[in-house]
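# Examining the three-dimensional arrangement
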Amino acid sequence: MKKSIIIAIIVSVFVSLKANAQLDIIAVNWKEVESIATQKPDSIKNLVKKLTAKELDNTMTLQQKVLAYCGQSYISKSQETADANNMRLARDRGENDKTIAMAQKVLETNPLNLSAIDAIVSTIQKMEKEKKDVSQYAGIDKKHYRVILKRILSTIAVTGEGSKDKPFQTTSISDAKDFMKLHLELDNPASHSINTKGKSPEVVFKLKEPSQYYSEKTISFDITRIQELDGTVTTRTEL
């Protein structure tokens, strides 16, 4: 009985919008996600464990995957931000060992941090290509990390279509940028603007050029949760 109630609550968080040729869009009710994360945090943590497991539970629904991704932001509350910034700085400087160490620290706080997962995989691959000693990282399953990365990106993909009416949902600007780069293979945006006239605040990126996975000139992301975590994004240097 309790299990049925929890499932019903999870389903109520989302509204499946009209299906297009590729997917059903899962619209997120952030207030309901917050309520579940506050009242039943273990349910979010269990979903995150399932999403990051070596073998994905085939019974896990799209709604549950989106709840895991969105709900994790209420568990970690951006507490990984400082470590993530240090990780990016180390990566920019080519400090491989420090990049991996900081990325692992980030994932201890937020197992769904896209930048940290990508940093671990990409840095080890770069070291291997440069024929550097990676023996100390033999225990890191790069294939598993790549699978997790793909799962998270695919989860973000079902939350919207990138239009102003149906923006993608992310919990950080870095996730939005990683989604554009890693999932849609888009170059760094030419510019951005903030749109607050719709149902929810959005950041709209003007693209330099489309890719084979995204053909529009702009792409929009809902910044409801980002603003809750970090305040207004208009002053964020990360943009």
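### What about the sheet that holds strand 3 (residues 168–169)?
Read across the open sheet, the 4 strands follow the order 3-6-5-4; overall the sheet is mixed. One side of each edge strand has no neighbouring strand; the edge strands of this open sheet are strand 3 and strand 4 (191–195). The sheet contact formed by strand 4 and strand 5 (residues 202–206) spans 5 bridges and is antiparallel. By the bridge assignment, Asn195 is partnered in strand 5 with Glu202. Most of the contacts of helix 9 (residues 173–183) go to strand 6 (residues 218–222), to which it runs at about 145°, and overall it touches strand 3, strand 5 and strand 6.

### Examining the nonpolar core
With 59 residues, the main nonpolar core has Ile152, Phe179, Ile219 and Phe221 as its most contacted residues. In terms of residue count, helix 7 (residues 114–129) provides more of this core than any other element does, 8 residues in total. In contact with Phe221, other than residues within four places in its own chain, are Pro167, Phe168, Thr170, Ala176, Phe179, Met180, Pro201, Glu202, Val203 and Phe205.

### Comments concerning the confidence of the model for the chain
Per-residue pLDDT for the chain has a mean of 89; in total, 87% of the residues score no lower than 70. In the model, residues 4–9 has pLDDT below 50 throughout and makes 2 contacts with residues more than four positions away in sequence or in other chains. Every residue in residues 234–238 scores below 50 in pLDDT, and together they form 6 contacts with partners more than four places removed in sequence or on other chains.

### Some details on unusual backbone geometry
Phi angles above zero are rare outside glycine, and Lys77 is one such case at about 55°. Mapping Lys77 onto the fold places it in the loop between helix 4 (62–76) and helix 5 (81–92). Residue Lys77 is classed as exposed on the basis of its relative accessible area, which comes to 53%. Phi at Lys131 takes a positive value of approximately 60°, unusual for a residue other than glycine.

### Here we look at the packing of aromatic side chains
The tally for this structure, following the rule as stated, stands at 5 aromatic pairs. Centre to centre, the rings of Phe168 and Phe221 are 5.8 Å apart; their planes meet at 40°, and the pair counts as tilted. Of this pair, Phe168 sits in strand 3 while Phe221 sits in strand 6, and the two are 53 residues apart along the sequence. Here Phe221 falls in the buried class, since its relative accessible area comes to 0%. Both rings, one in Phe205 and one in Phe221, keep their centres 6.1 Å apart while their planes meet at 75°; by these two values the pair is edge-to-face. Pair noted here: Phe205 is in strand 5 and Phe221 is in strand 6, with a separation of 16 residues, a long-range link.

Analysis parameters
Residues numbered from 1 in each chain as written. Predicted model: local features only at pLDDT ≥ 70, side-chain atom pairs only at ≥ 80, totals over all residues. Heavy atoms only, no water. Pairing = 2+ DSSP bridges. Helix = DSSP H or I, 4+ residues; strand = E, 2+ residues; numbered from the N terminus. Contact = heavy atoms within 4.5 Å. Axes fitted to C-alpha atoms, helices over the stretch in contact; angles between N-to-C directions. Core = buried A, V, L, I, M, F, W, Y, C linked by side-chain atoms within 4.5 Å. Buried < 20%, exposed > 50% of the residue type's maximum accessible area, 1.4 Å probe, protein only. pLDDT = per-residue confidence, 0-100. Phe/Tyr/Trp six-rings, centres within 6.5 Å; stacked < 30°, edge-to-face > 60°.

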